[in-house]
Structures are given as structure tokens and as C-alpha cells.
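Below, each chain spelled out in residue letters.
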Amino acid sequence: MLPLQIVFEALDQCRISAAGLIVTLLTSQEYENHQFVTDLFACSGEILSAFLQHPTSQHQFSRNLISVAESMYLQEFQCLTSEDSGWHFKASCTSTKQLEDFSLREMALKMEVSAPKWWSLLGTLLGDKGTRESVHRDDWGEHAEMDIEGNINGYWDDMDEIDLEGLINELTGEREPSPPGEDRHARRRSGIKMMNKGSNGDQKKTIITSILMQGSNQKANALQSLLGLFLQSVHTPYKVIDTLAHLGITVSANTINMAIHALSLESQNSLRSLGQSLLVSYAYDNFDVDLKSYVPTAEKSNDSLKHLTSGLLFPLAHGVTLEDLKCSRELWGKSALNPLVDFPHAPHQRAWWDLLKLLLHPEPLGSESMLSRRDRFNAWMFLHDLCTYGPDYFHQFKSVIPPPEHIERIPLVKTPIFAARAMDVNNSTVSGNIEAVNALLGQGGIGDPAAMLEENYESDIDLLDASEYMILVHGDLGTGEWLQAAQIHRSIESTAWHRLQHVVFIPGLFHLKMACADGLWRCFVQPSAAREDETSLMRDIAQLRPKETGIYSTKPGFRRMHQLIGHAGICRRLDCWRVHAESRGFANLEGFAASKPTLDDLKKMAEEELSYAMNCGDIGRTETCIMSWIPILKATGKHKYATHMSNFLYNLHCVYPPGLRSVLRVSGAT
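Worth saying up front: this structure is predicted, and the values here are computed from it rather than measured.

Quick look at the nonpolar core
Working step 1: Y282, L313, I446, L472, Y656, L660 and L664 are the most contacted members of the largest nonpolar core, which totals 47 residues.
Working step 2: The set of elements that each furnish at least two residues to this core consists of helix 17 (253–276), strand 1 (280–290), helix 21 (430–443), strand 4 (471–475), helix 23 (477–489), strand 5 (503–507), helix 32 (639–655) and helix 33 (658–668).
Working step 3: Counting residues per element, this core draws most heavily on helix 21, which supplies six residues.
Working step 4: Ignoring sequence-local partners within four residues, the contact set of L660 consists of D324, L325, C327, L331, M470 and L472.
Working step 5: Core analysis: the second largest hydrophobic core is formed by 28 residues, L520, L564, M627 and W629 among them.

Section: the packing of aromatic side chains
One pair of aromatic rings is described through two measures. These are the centre distance and the angle between the planes.
Working step 1: What the rule picks out here adds up to three aromatic pairs.
Working step 2: Members of the aromatic cluster, connected to one another through ring pairs, are Y73, F77 and W118.

Comments concerning the sheet that holds strand 3 (residues 418–419)
Working step 1: Taken together, five strands build an open sheet; the order of strands is 3-2-1-4-5 and the sheet is mixed. Each having just a single partner strand, strand 3 and strand 5 make up the two edges of the open sheet.
Working step 2: Relative to strand 2 (residues 305–315), strand 1 is paired through eleven bridges, and the arrangement is antiparallel. Looking at strand 2, one finds that D288 is bridged to H307.

Looking at the pattern of salt bridges
Working step 1: Using the criterion set out here, one finds twelve salt bridges in the structure.
Working step 2: What you see here is one network of salt bridges that share partners, running through K326, R329 and E468.

What about the side chain of H502?
Working step 1: With respect to the helices and strands, H502 occurs in the loop between helix 23 and strand 5.
Working step 2: Residue class for H502 comes out buried when judged on its relative accessible area of 1%.
Working step 3: In contact with H502, other than residues within four places in its own chain, are S328, L441, A466, Y469, M470, I471, A496 and W497.

So, a nonpolar patch on the surface
Working step 1: There is a patch of nonpolar side chains on the surface, built from L21, I22, L26 and F41 and spanning about 370 Å² of accessible area.
Working step 2: The element best represented in the nonpolar patch is helix 2 (residues 18–27), accounting for three residues.
Working step 3: Mapped onto the elements of the fold, L21 is located in helix 2.

Considerations on the environment of L472
Working step 1: Position of L472 relative to the elements: it lies in strand 4.
Working step 2: A C-alpha to C-alpha distance of 9.3 Å links L472 and L325, two positions 147 residues apart in sequence.

Examining the pairing of strand 5
Within a regular strand, side chains alternate between the sheet's two faces.
Working step 1: Across the five residues of strand 5, five count as buried, placing the element largely inside the fold.
Working step 2: Judged from the five bridges that link them, strand 4 and strand 5 form a sheet pairing that is parallel. From the neighbouring strand, I471 faces strand 5, where its bridge partner is V503.
Working step 3: Running through helix 23, the crossover from strand 4 to the neighbouring parallel element strand 5 is right-handed.

As for the pairing of strand 1
Working step 1: For strand 1 and strand 4, the ladder comprises three bridges, and the chain directions are parallel. Bridge assignment links Y282 to a residue of strand 4, and that residue is V473.

Re the packing of helix 31 (residues 619–635) against helix 32
Working step 1: Contact geometry for helix 31 and helix 32: axes closest at 8 Å, N-to-C directions at 145°. Once helix 31 is placed against helix 32, the crossing between them reads as left-handed. Contacts from E623, I626, M627, I630, L633 and K634 of helix 31 reach helix 32 at H639, Y641, A642, T643, M645, S646, L649, L652 and H653.
Working step 2: Residue composition of the contact of helix 31 with helix 32, by class: nine nonpolar, four polar and two charged.

About the cut-offs
Residues numbered from 1 in each chain as written. Predicted model: local features only at pLDDT ≥ 70, side-chain atom pairs only at ≥ 80, totals over all residues. Heavy atoms only, no water. Core = buried A, V, L, I, M, F, W, Y, C linked by side-chain atoms within 4.5 Å. Buried < 20%, exposed > 50% of the residue type's maximum accessible area, 1.4 Å probe, protein only. Helix = DSSP H or I, 4+ residues; strand = E, 2+ residues; numbered from the N terminus. Contact = heavy atoms within 4.5 Å. Phe/Tyr/Trp six-rings, centres within 6.5 Å; stacked < 30°, edge-to-face > 60°. Pairing = 2+ DSSP bridges. Salt bridge = Lys/Arg side-chain N within 4 Å of Asp/Glu carboxyl O. Patch = residues over 30% accessible without salt bridge, like charges linked within 9 Å, V, L, I, M, F, W, Y side chains within 5 Å. Areas by Shrake-Rupley, 256 points an atom, 1.4 Å probe, with all protein chains shown as cover. Right-handed = clockwise from strand over helix to strand, strands pointing away. Axes fitted to C-alpha atoms, helices over the stretch in contact; angles between N-to-C directions. Left-handed = near helix turned anticlockwise from the far one by under 90°. Nonpolar A, V, L, I, M, F, W, Y, C, P; charged D, E, K, R; others polar.

Here it is, written out as C-alpha cells:
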């Protein structure tokens, strides 16, 4: 036994108890750095364990210890549930910014910072103690490593066909392709280990903490509100939503409806503000909804398919001004649809070969290279494929290959897109397209000026008269045909609004790309005679897609055809490098590009140049490619696309004023 009697007598002489001595040492600043205080902190774990093991005071000490812990955790929860924490989600004031800024990972980090003790306790209870540190230090033990290996090794047979490279790159922080010698399965295992170590545990802790936060303060419902909006968007039954709301996982259906109403009002105001600025483009398309009825009715029991119209608005960028668009009256004065225009001043019908006379984007004078732009692009494609898909030695040159020259490139900007309210309009008719355009413009705060002057006119919003300005409308070829027919039918109307004089249609370049791919299919796959040659594209399909030759022979669709064009082009160009190397002993890019390639070498290059020009925003190169594609589209039976693109290019460069021409060119390529 320790000679503690001396200590007891000293405490009696000082008239202080053992508890009073400890409390004084720990609370008095005078003894803050005393060796006894330092020793108490160093041995605090042993002291608490001794209290818990003492037979006479075990239960009383446990109650006191739990009370202290409860106070500590409650204090952290009060900090989390306060309004200053930023987790209060007011349904009546919901905004899209709240939805866009929400991040579950950021929420977990803030919870860990605001309530570190509670976060650590959850990690211990969930078996996730120290996960964040282990992710960075990779200090898992041998047994845990073996457990994970045993859990994931069985998945590779099922997941071998799934491309997880992008996901693994995100997890491992890599952006470049993995080294050739690295095992693909090893990289997948590494990525899945990181997911198991970090994200899963943090998600559980975040959800548990959010449920407890709402139980403590109903206004702290950020995660529940987001989950509620998600459940509403996927048409979850209200009974399920209310059940989850009672469990604290989401908010009630009434709260969700309030949030949706607030978002609708915000969207309505945003659309009206954007539309009335007139610096905006519109786009619309049809979609179908099958509204099946659980209780059949006698009338129209089978008529459950609804034809609706969706719309988008996006602001005009690249320095577009109102003066550029203020030319509606000028264009109507020289329009062929104007019955009052003099015949000599009316524009004549033009053919596609008239575009050749315009000399759009001529070759620059004094160029050092003897090759044309297209030949230089083809040379770049050969070099790019060699350094990307060729032998490993050439990969080192990929990063130093300069991109193709730009003819007229549009600056890259991020364009925000605003979704309009779906319209109960069937736009498969002329009248339906007129109704769709008017309804879409109405959401943008633009309306008929004559109707606004009538006495019985009723509207909750003030509509803007935009009859003197041109309004850009994007769509597919069918939309353009309907709008053109509508303008022809309405050309005898007395007002600009009823004539749709303010509407100018911009064809979608993606649909043009689809037409080009279909044109190649009609040239090199559809005809039986095109499949007989050893160098035919059908022979390439048999090598690249041996199980899909039947699909490619009938109607492959854009996605398959687009992939085939890219893959077959790469293989053909690499084969040209092989033949060239065998004949010369080495590859000479300048000499090979200056020669005249065969059809097998060039059958994909035109479509690839058009795709490249669209993707990088080179409107000048896009226009030169369209001019080359117009006769191909005509020859393959795509007459509507050829006619519309010819008319659009001719109007763009010969009819529209310079300001509107600039707007259409930068808007059509975005």
C-alpha cells in the first residue's frame, strides 16, 4: 500500500477534500501549468476507467458521465440546428440556387467541423472510426485488406464489360490514361476500396445526423427537403412520402408542394425577365405522355396518349445587342412572302450552286503550305490517330501536336438554360406550331400588341411588344418546315404578330450531323454493290461489329453509325501508316498528306471534320463543310436537309442585315 496517510492528514490540515483539490487544480489559472495538472490530463483515461470499475460508485459515476456527454453532444447539436449553420430550408422561399449549391459531401464536412465529438461517436458506432485518415494514409490492416479482396473479387466476371475508367480516374485523381502495363482490375480494386473507406460511411453519418437535427429543430430540414423534391420528381406516391416523413427521412407532401410552388414562381419571373430583355433564343420540341387511367371510362377509354410541347430559353451571348435584332420591318420589306413588295426587288429563288459564287471563307493568300485547309485537317487527323492509337512510342508526341487551324471560331462561353413550362399543345400541325410559339413567347413576357389594346384583355403580367425585333427559334427540320408553312399561310395578315414576321428559324446542327451520318450509310452500306469490294465499309463492320452486321445493313441509327465512322476511320488511317512505313521504311506525314488518298482513306474524313468544327465552335469551318455536304445530301436522297441548309446559308449571307447575320452565326453554333 502507498503511504497515503500523510496525504490524508495534509488535506485535513488544509481543510480541503480530494474532490476539492482536483477541482481547484483543474479550474484555477494559477495551477494551469502545474505538474500535477499535467499528470491528471495524461492519466485521465486510467482515472475514468478506475471510476467505472469501482464497485461502490460505478452506477453513480456512469450517470454523471452520461450527463456530461449528453450536455456536450446537445451543445454541438444546438450549433448544427441553429439558423446560422445554413441548414434551414424554408419551403415557401425555395430557390433554384439552394438546389444547385447543395452538396452532400460539403454537408458532411461542415457537420464534422461543427460537431467533431458527435461525428467521431457516429464513426465508432458505424465501425467507421478513422476512415478519413486511413483514406489519405492507406494504413488499413492486413485483415481488412483480405476482407475487401474477398468481397470484390467475385464481381469482376460480371463487371468486366463495364467501363469504369472515368469513375476510377475521379476516385484516384488521375486525368490521363493509365500506363499500359498497369492492371485494370488492380485500378478498379483501388477505386472501390476508396469508396468503401470514405463516401459510404460519411453518407450514413450525414443522414443519421440530419434525422436527429430535424427531430431537435424542424426547421433544420435541408437534406429532407432535397430528398422530398427528388421523390416528387420521380413520381413517388404520397403515401410513401408521408411514411418517410414520419421517419424523419423527408418532409411532408404538403411541404414539397409549397417548395415546388415557390420554384415555379421563381422560374416564371426568370423566364419573363429574360424574355422581355429580347436578348434570348427559344427552342421547343414535342414529347408524348401516356396518362393511363386506373378506372376505365366509357368515353375515350383508349385515348390516354397526350402530345405535349416542351420549351427552353437561353440568353444570347457574344456581345449581341438589341440593335442587331431590330430589323423585322426591313426584312419584311424585301421578303418574298410580302404581297406588297415589288417583283424586281423581291429575292429570287436560289439553288445550292449559287452558294459557290459567294466564296465563303476562301483559302488565305500567301500560305506557306501547298495543301488546302481540308488537306491540312486530314493530315492532322492522320497524325492525331497515330499518336493516340498507334504504338506506345508515338504517344509522347500527342501533347505537342498543335490543333487544326480555326477559320472563324466563336469564343467559348457557358450558356445557362431555362426550362419553360410544358404546354398542352400538339405541334404536329401548322396551327399547333403557331400556338406553341405564341405560348412560349407568352412565358417570356412577349405578346400580341393588338390584343393588349382591347378592352376585355385580361392578363396578370404586362406583355412586351416585340414586333420590330427578330426572335430566334431553334428546332429540328420538322419544326423549320412547320414554321415556314405557317409564315406562308399567315403572309396576308395585316399585323406583324399574326404574320409571325418576328420569327427566324435556326436549324439544329446536331440534326445536320445525324443527316450526314445517314448519308454515309446510304452511300457505303445500304447499296448491295457497295458491300462487294474488299475495302468496303461492310467488311470493316464485319471486323469491328461482327454480331451487328444485320443491324447495320437495315437501319443502325445515329449512335451506332457515328461510332462506326470514328472507329473505321481510325483503323483505316493506322493501316495507311502501316503500308506507308513498309514502302518507305519510315512515315513522312507531309509527303503522305500531299498525295491523293483513295476512297478508303477519305470516306470518313468529311463527316469527322464537320463534327470537329461543331464541337470546337469553328463556325467558319462548319459553313465550308455544309457547302460540301449539300450535294452529298442531295445525291443520297436527303433533299429536305439540302434545301433547308442551302436556303439558310444563302439568307444568312445575302439577305439578313450584318447585325442579325452575326447573331445567327454565333447562336446557331452554340
